[in-house]
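# Results of the structural survey
Listed below are the residues making up each chain.
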Amino acid sequence: DDCKLKTVRNMFSRSATRARRLDLAHQVDHGSEPSLDHDSPTRLLVLALVVSGAYYVAALFGIALKFPENAVSTLWPPNAILLASLLLTPTQIWWVVLLGAFPAHCAVQLQAGVPMLMILCWFISNSAEALLGAFLSRHFIPGESRLGFDSFHHVGVFTTFAVLFSPFVTSFLDAGFVVLNQWKQVEFWDVWRMRFPSNVLAAVTLVPPIVLWVDRGFARLRSLSFLRSVEGGLLIAGLAGVSFLAFRWQSAGPSAAPALVYMPLPFLLWAAVRFGPLGSSTCVLVLGLLSIWATVHGRGPFISSSPEENVLFLQLFLTFVA
């Protein structure tokens, strides 16, 4: 009996060792470190620095996407960066994400000459939007730590709460802050109408590709076959080509062909069918950036009205396409 007991113990010991080795190999294959200390000071510092840098670059990019004669940004990426960062991190370290974004937010706004009180108010409204969207998305997708965007339930929850509800509610807060601080003497409803579609467009075009690429996109990219890689390259090249034709080559006027704006649609469907949520969200992002850049620089079919109307028309088009 003692020999049998020792044999059983050795079997369990070898099984446990084999399981630990397999778990270690699995972690190495997925590019993660075997350490279980995810809340170490070094990791938290790196997370804060990454969020800060991404937020700062996104804010500068959003400023660059404004019409020259207008203060409206067609796409405001910093809030989407915050939302994506919260969706990718455990709730117990969300404070690190907000702490990392705060100095970047202050730096960008100080460069634009915004008063400190207005800067703090804007950070509150931006953080509230990201926190509300991330919390509700996690709450209505129980048992799963990440949004996969690979089911109707995931996409429905994200669209309802993170894309529509959260910007809708916090735009009232943001507009109230602007009026209370008497910033540029802008009317309450003017601020709300400018902010809501801009943040909706940013959430629907930026958050899915960021989450999917950071979560498992690069691992999938490495596993693609040669033929699938060639197909993906042709897809991106074709989408960029028709987007250039529709939004950069033509300009508003009698010779414009509005139907050209539908040329990217077959490529988006191609991406959805062949490459799933990762491919379709990436192609929507490419289309959005190219069309916004062309419109801001006076090209494409969305420049025939006032800057405010041009912004709104382009935002509605891209949001519904997405």
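Refer to the structure above for everything that follows.
My aim in this report is to walk through the structure given alongside it, one point at a time. (Residues numbered from 1 in each chain as written. Predicted model: local features only at pLDDT ≥ 70, side-chain atom pairs only at ≥ 80, totals over all residues. Heavy atoms only, no water.)

## Quick look at the nonpolar core
Our working definition: To form a nonpolar core, buried Ala, Val, Leu, Ile, Met, Phe, Trp, Tyr and Cys residues must be joined to one another through side-chain atoms within 4.5 Å. Relative accessibility decides the category of a residue: with a 1.4 Å probe and only protein chains considered, values under 20% of the type maximum give buried, values over 50% give exposed, and everything between is partly exposed. Residue contacts are counted whenever heavy atoms from the two residues lie within 4.5 Å of one another.
The biggest cluster of nonpolar side chains holds 78 residues, and the ones touching the most others in it are Leu83, Leu87, Met118, Phe158, Val207, Phe247 and Ile292. Every residue in contact with Phe158, bar those within four places of it in the chain, is listed here: Leu83, Leu87, Ser137, Leu147, Phe149, Val163, Ala203, Val207 and Pro208.

## With respect to the environment of Leu120
As a reminder, the rule being used: Under the DSSP-based scheme used, a helix requires at least four consecutive residues in state H or I and a strand at least two consecutive residues in state E, with every element numbered from the N terminus.
Locating Leu120 in the fold gives a position in helix α5 (residues 116–139). In the structure, Leu120 is positioned 18 residues away from Phe102 in sequence and 9.0 Å away in space, judged by C-alpha atoms.

## Digging into the packing of aromatic side chains
Formally: Classification of ring pairs rests on two measures: the distance between centres of Phe, Tyr or Trp rings, Trp counted by its six-membered ring, which must be within 6.5 Å, and the angle between planes, read as stacked under 30 degrees, edge-to-face over 60 and tilted in between. Throughout this description, the term charge over a ring refers to an Arg CZ or Lys NZ atom that lies within 6 Å of the ring centre and within 35 degrees of the ring normal.
Scanning the model with the defined rule gives 16 aromatic pairs in all. Both rings, one in Trp122 and one in Trp183, keep their centres 6.2 Å apart while their planes meet at 85°; by these two values the pair is edge-to-face. Residue Trp122 is found in helix α5, and its partner Trp183 is found in the loop between α6 (152–180) and α7 (188–223); the two are separated by 61 residues along the sequence. Across the pair, Trp183 and Trp122 agree in class, each one buried. With a centroid separation of 6.1 Å and an interplanar angle of 35°, the aromatic rings of Phe267 and Trp270 are classed as tilted. Taken together, the residues Phe267 and Trp270, both in helix α9 (residues 265–296) and three residues apart, mark about one turn of the helix. In this structure Trp270 comes out as partly exposed when scored by relative accessible area, which is 28%. Taken together, Phe168, Phe172, Phe188, Trp189, Trp192 and Phe196 form an aromatic cluster joined through their ring pairs. For Arg228, the ring lying beneath its charged end belongs to Phe275, and the centroid distance is 5.2 Å.

## A look at the packing of helix α2 (residues 41–64) against helix α4 (residues 94–111)
Quick reminder of the rule: Angles run from 0 to 180 degrees between N-to-C directions of axes, and those axes are lines fitted to C-alpha atoms, restricted for helices to the stretch in contact. When the near helix sits turned anticlockwise from the far one by under a right angle, the crossing is termed left-handed; a clockwise turn instead gives a right-handed crossing. Amino acids are sorted into nonpolar (Ala, Val, Leu, Ile, Met, Phe, Trp, Tyr, Cys and Pro), charged (Asp, Glu, Lys and Arg) and polar (every other residue, Gly among them).
Two elements in contact, α2 and α4, have axes whose closest approach is 8 Å; the angle formed by their N-to-C orientations is 35°. Crossing angle aside, the handedness with which α2 passes α4 is right-handed. Judged by residue contacts, Leu44, Leu47, Ala48, Val51, Ser52, Tyr55, Tyr56, Ala59, Leu60 and Ile63 of α2 engage Trp95, Val96, Val97, Gly100, Ala101, Pro103, Ala104, His105, Ala107, Val108 and Gln111 from α4. Here the contact of α2 with α4 is composed, by residue class, of 17 nonpolar, four polar and no charged.

## So, the packing of helix α8 (residues 226–249) against α9
Closest axis-to-axis distance for the α8/α9 pair is 9 Å, and the angle between their directions is 35°. For the pair α8 and α9, the crossing hand works out as right-handed. Of the residues in the contact of α8 with α9, the class split is 17 nonpolar, four polar and four charged.

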